[in-house]
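# Descriptive structure summary
Each chain, written out:
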Amino acid sequence: MSRASSVRSRWPLALALLPFLLLIAREWTSQPDIQNGDFAQYLMHAEALADGRPYLDTGYIFSQRDRHFGPRAYPPGLPLVLAAVGLATGGSMLAAKGLMVFLSVGCLLVVGAYFWRHATPSLAIGTTVLVGLSPDFVGFSISPLSDVPFVGLVWLTILLADRTTSWSWARVIGVTGAAGAAILFRPHGLVLIPALLAWGVLNGRRLGWRPLIPGLALSFTALVGRLLVPDTAMRTWPPLRWLVGELLSPSPRYHLAVFENHLYPLPGNLPNDAYHVLSGALMLVGLIAFARVDPRRLWVVFAVIFALALASLRAAEIRYAWPLYPLFTFGLLNGVRVLVGQVARVRPERVALGVASILALVAVGKALATAPKSQRLDDPRLIELFEHLQVQAEVSPVRVAFIRPRVLAWKTGIPAMPLSIVRDPQEHLADWCEQGITHVVLGDMGLGPNRAQRTQEAIESYTGYFALGYRNAEFEVYRVLPEACSG
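Residues numbered from 1 in each chain as written. Predicted model: local features only at pLDDT ≥ 70, side-chain atom pairs only at ≥ 80, totals over all residues. Heavy atoms only, no water.

Each helix and strand counted, the protein chain has 23 helices and five strands in total. At 24 Å, the protein chain has a C-alpha radius of gyration in line with the 23 Å of a compact globule built from 487 residues. C-alpha extents for the protein chain along the principal axes are approximately 80 × 50 × 50 Å. Residues counted as buried form 50% of the 487 residues belonging to the protein chain. In the protein chain, the proportion of contacts linking residues at least 24 apart, taken out of those at least 6 apart, comes to 73%. Accessible surface, the protein chain as shown: approximately 22,800 Å² in total, 63% of it carbon and sulfur. (Helix = DSSP H or I, 4+ residues; strand = E, 2+ residues; numbered from the N terminus. Rg over C-alpha atoms; globule rule 2.2 N^0.38 Å. Buried < 20%, exposed > 50% of the residue type's maximum accessible area, 1.4 Å probe, protein only. Contact = heavy atoms within 4.5 Å. Areas by Shrake-Rupley, 256 points an atom, 1.4 Å probe, with all protein chains shown as cover.)

This is the structure we're talking about:
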């Protein structure tokens, strides 16, 4: 079959995108949301690139005392793409959102193409449908965020590597480029380096030495990049003892990611818990059966190493596990196929596709039955706050501590740092003085009550150092008085 006819034969994968695109249309106006304020930093990096300014010139004030809030800089992969689109469209947010939907569609098609090639069309269609309906996946597919494109690049690497054709130099370049792009989109892509190296060694006899080139080339590039990029622009790497301790900890790691991916099709917590026990068991059956077909495929090696990497980190956000979502979904459907094939005389692939269709209908129905969230960026209280700060900035330099500093800096051009989670009020004051903060904003819109509470306690501990300058229904702005930092 020619390449063109092979692509035409996979048109059902395009139909599998319809539920995802339906929810994209529903949530279009509510994204991006201040809840996921990372998008603002990506946009500010892109604007800096487009304007020819230093990459770190974003307005986000990074604090060494609160390194877990977010790094000083994000990898340049997505900002480079956004900058190119911004230059072509005049910085249109509509174009940026359209780009993200395009990249997200590409992600789902790549996932579907992999399972179409290595499993069955029915399982590929079902996997494509359900991955796109996972909670938060739709919202992150509209906002300028790197998570969903990163999943697509990871699976593009796996798709290219697990092909059965010989390893030409074009294929070497393709795998290296896809994996390199994944690393440039998210640091988690570094897991692809040991995965590719281990996979190359496992397949050395049957594939030759060329499959080792991507891992070796990326190892060298990563080493050079680590030497060139300053420590202040990156997250601090946790100590090895800490990583091993977390890995050996008996507490679950990202177990909710499986539940999220398998959706919540039943009413009530208890029925969904029972469903997740069953779906989790079917997933394990399906993945074991798929791995037994060829245990030396890259998806197996990557899944093991990536799962170990996640297990060595405290569960921060479920989205970090998204590269495994195609396997969670496929494993469930393949488990249905295996079970049905053992007990019934029907085509088990069709039953698995039917299960996927039912889950998709329930997920879409639930989503459409609820009103889409309002965009908190349009909240009058937030708009009034930003306008007040901009007026103050016209009189004298303003630097702000705020619950979502990157969004504030992006919308107003005013430098901003995050509110801190530390308990010691003196640490708050010291950080504000070191960073030259002139205004501290209380109020969190439900986004970070712990940080807001700690900040309020710090202000109350040093009442003589602050003056209330503005208040609305949600926010209070305290001006930092000169004597606060005079000592």
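Looking now at the pattern of salt bridges. Here the structure, examined in full by the defined rule, presents 14 salt bridges. For R319, the salt bridge is made with E317, and the minimal N-O distance between the two is 2.6 Å. Between E476 and R471 there is a salt bridge, and its shortest N-O distance comes to 3.1 Å. The class for E476 is partly exposed, based on a relative accessible area of 22%. One connected set of salt bridges, linked through shared partners, spans D38, D147, R186, E317, R319 and R406. (Salt bridge = Lys/Arg side-chain N within 4 Å of Asp/Glu carboxyl O.)

This structure, assessed with the given rule, holds one cavity of 30 Å³ or more. Put simply, the largest cavity is a space of about 40 Å³. Every residue along the wall of the largest cavity is listed here: D147, F150, R186, H188, R319, Y320, W322 and P323. Per-class residue counts for the lining of the largest cavity are four nonpolar, one polar and three charged. (1 Å grid on protein atoms, 1.4 Å probe; cavity = no way out; pocket = protein on both sides within 12 Å on 5 of 7 lines; lining within 4 Å. Points joined across faces, edges and corners; volume = space filled by probe spheres on them. Nonpolar A, V, L, I, M, F, W, Y, C, P; charged D, E, K, R; others polar.)

The step from Q31 to P32 runs through a cis peptide bond, and the omega angle for that step is 0°. If you trace the backbone, P32 turns up in the loop between α3 (18-27) and α4 (38-51). If you check the backbone angles, D136 has positive phi at about 75° while not being a glycine. Structurally, the position occupied by D136 is in the loop between α7 (121-131) and α8 (137-142). Among the residues examined, D136 registers a relative accessible area of 52% and is labelled exposed. The phi angle at M445 is positive, at roughly 55°, despite the residue not being glycine. Relative to the elements of secondary structure, M445 occurs in the loop between β3 (439-442) and α23 (449-461).

The next subject is the state of the cysteines. As enumerated under the stated definition, the model contains one disulfide in all. Between the sulfur of C433 and that of C485 lies a disulfide, 2.0 Å long from S to S. Its S-S torsion of about -85° marks the bond between C433 and C485 as left-handed, since a negative value means left-handed. Within this pair, whereas C433 is found in helix α22 (residues 425-434), its partner C485 is found in the segment after β5 (476-480), the two being separated by 52 residues in sequence. (Disulfide = S-S within 2.5 Å.)

So, about the confidence of the model for the protein chain. The share of residues in the protein chain with pLDDT of 70 or more is 92%, and the mean pLDDT across the chain is 90. When pLDDT is averaged over each element of the protein chain, helix α9 (residues 147-161) comes out on top at 97 and helix α1 (residues 3-9) at the bottom at 54. (pLDDT = per-residue confidence, 0-100.)

This part takes up the packing of aromatic side chains. The full count for this structure, using the stated rule, is 21 aromatic pairs. Geometrically, the ring pair formed by F290 and F330 is tilted, given 4.6 Å between the ring centres and 55° between the ring planes. Pair noted here: F290 is in helix α16 (residues 269-293) and F330 is in helix α18 (residues 325-343), with a separation of 40 residues, a long-range link. Take F290: its relative accessible area is 4%, and that puts it in the buried class. Both rings, one in F402 and one in F475, keep their centres 5.8 Å apart while their planes meet at 55°; by these two values the pair is tilted. Taken together, the residues span a long stretch of sequence, with F402 in strand β1 (residues 400-402) and F475 in the loop between β4 (466-471) and β5 at a distance of 73 residues. Taken as a pair, F402 and F475 share a single burial class, namely buried. Above the face of the W28 ring, K97 is positioned so that its terminal group lies 4.5 Å from the ring centre. The ring of Y60 carries the charged tip of R406 above its face, separated from the ring centre by 5.4 Å. (Phe/Tyr/Trp six-rings, centres within 6.5 Å; stacked < 30°, edge-to-face > 60°. Lys NZ or Arg CZ within 6 Å of the ring centre and 35° of its normal.)

Let us look at helix α19 (residues 348-369). Spacing of three or four residues puts side chains on the same side of an α-helix, whose turn is 3.6 residues. Between its first and last C-alpha atoms α19 spans 32 Å; for 22 residues at 1.5 Å apiece the expected length is 32 Å, and the two agree. Turning to α19, its buried residues number three or more, namely P348, E349, A352, A356, L359, A360, A363, V364 and A367. Buried residues of α19 fall within an arc of 145° about the axis and therefore sit on the same side. Opposite the buried face of α19, by more than 90 degrees, sit the exposed residues R350, I358, L361 and A369. Against α3, α7, α16 and α18 lie the buried residues of α19. (Expected span 1.5 Å × (residues − 1). Arc of directions from axis to C-beta.)

Attention shifts here to a nonpolar patch on the surface. The grouping of W11, L15, L18 and L21 at the surface amounts to a nonpolar patch, some 410 Å² of accessible area in total. Residue assignment for the nonpolar patch shows that the elements contributing at least two residues are α2 (11-15) and α3. Secondary-structure assignment places L21 in helix α3. Judged by its relative accessible area of 33%, L21 is partly exposed. (Patch = residues over 30% accessible without salt bridge, like charges linked within 9 Å, V, L, I, M, F, W, Y side chains within 5 Å.)

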